[in-house]
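Observations on chain architecture
So you can see what is in the structure, the chains are spelled out below.
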Amino acid sequence: MKKNIGIDIGGTKVLMGVVDEQGTVHAEKKIAMEPAKPPKEMIGEIARALKKMLEDAGIRLGEIGFIGAGVPGTTNTKTGIVEYCPNISWVDVPAGEYFRQALGREVLLSQDSWLAALGESLFGAGKNYDSIACITLGTGIGCGLIYDRKIFGGGLGTAGELGHTVFVPGGRDCPCGRQGCLERYSSGTGILLEAKERYPDAFSGVKRTEDVFELAYGGNEPAKEVIADCVDKLAFGIAALVNLVAPQAVVISGGLCVHEELVVAPLEREVYRQGYVAWTRKKQFRILPAELGSRAPMIGASALYRGI
Ligand SMILES: [Zn+2]
């Protein structure tokens, strides 16, 4: 079976892997991401690590059919230009050209949350549906839209910015420069912020979002209340998304998707309560936990040629 390579360039690490056409990972390597390094140098380093991974696995670069890469921000697949990735300080970077120089091969690029959506659509929780949205809950809220098994980027190439949609006018400051974006309330980071803001004394020693969840599982009422309110806000966002785009399913990815009882199930209930009756009455829409875990963007990147 043909083997491809997927690369997931994140804020702190770069994950790469040899993946076959059924989504099975055959070799994998992780290196540190250094946003302070000039992008051309960093891509040179990624290329060296990739060659080492192949060498260790006994695979020649010539045997690889396709190479795709994801970055945490807006990217133009056609031009190979990473347009806007503030968290790794890459703005208008000709990454496709740099990869070509470093590897002697064409590398197609896309946004990581779009690739996670493609991966889940082809090989994971979304494989029984033609059209899905995949929402990644982490430090922010990523969102990829798959329509008819293809990535939907919109006419501007920036579709899916649910996390930076303002839900609380005049609300919390967002690194994007505005106030009240959904990801400041309903991401993993948002839940922790909400807990500390609402109950400063009770949560003063709490450092991680997971600690808020542990307290909630132990019956702590403030923790349960904070999580429920953050999930409700996200449900408004998802109900609006389904009203507009009508995917058959929304896949919840990222660390929070393991919380079936506190996140996934209440989210589906709330989205049904808030969504428009034209689609809620059909009872076909589902909210599902992701199946590919943190490898989703890498696996999706290896199959980018199928999603464009
Ligand atoms: Zn924002």
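Here is a short report on the structure shown in this document. What you see is a predicted model, and the numbers here were worked out from it, not measured in a lab.

Parameters at a glance
Residues numbered from 1 in each chain as written. Predicted model: local features only at pLDDT ≥ 70, side-chain atom pairs only at ≥ 80, totals over all residues. Heavy atoms only, no water. Axes fitted to C-alpha atoms, helices over the stretch in contact; angles between N-to-C directions. Helix = DSSP H or I, 4+ residues; strand = E, 2+ residues; numbered from the N terminus. Parallel < 35°, antiparallel > 145°, perpendicular 65-115°, else oblique. Left-handed = near helix turned anticlockwise from the far one by under 90°. Contact = heavy atoms within 4.5 Å. Expected span 1.5 Å × (residues − 1). Buried < 20%, exposed > 50% of the residue type's maximum accessible area, 1.4 Å probe, protein only. Salt bridge = Lys/Arg side-chain N within 4 Å of Asp/Glu carboxyl O.

**So, the packing of helix 1 (residues 39-57) against helix 2 (residues 95-103)**
Where helix 1 meets helix 2, the axes come as close as 9 Å, and the angle between the chain directions of the two elements is 45 degrees. Comparing the axis directions of helix 1 and helix 2 gives the class oblique. For the pair helix 1 and helix 2, the sense of crossing is right-handed. Across from P39, K40, I43, G44, I46, A47, L50 and K51 in helix 1, the residues of helix 2 making contact are A95, Y98, F99, Q101, A102 and L103.

**Quick word on helix 3 (residues 112-123)**
With 12 residues, helix 3 should cover 16 Å at 1.5 Å per step; its first-to-last C-alpha distance of 16 Å lies within 8% of that length. With 12 of its 12 residues buried, helix 3 lies for the most part within the structure. Of the positions making up helix 3, those classed as buried are D112, S113, W114, L115, A116, A117, L118, G119, E120, S121, L122 and F123.

**Examining the side chain of S113**
By secondary structure assignment, the location of S113 is in helix 3. Those residues in contact with S113 that sit more than four places away from it in its chain are G142, C143 and G144.

**A few points about the pattern of salt bridges**
In total, this model carries 18 salt bridges according to the counting rule given. D229 is the salt-bridge partner of R198, the closest N and O atoms lying 2.7 Å from each other. Placement of the pair is R198 in helix 5 (residues 188-198) and D229 in helix 7 (residues 221-245), with a sequence separation of 31 residues. The class of R198 is partly exposed, set by a relative accessible area of 29%. On the basis of relative accessibility, which here comes to 29%, the residue D229 falls in the partly exposed class. Members of the salt-bridge network, linked through shared partners, are R172, E194, E197, R198, E225 and D229.

Distances and angles like these do not, on their own, reveal function.
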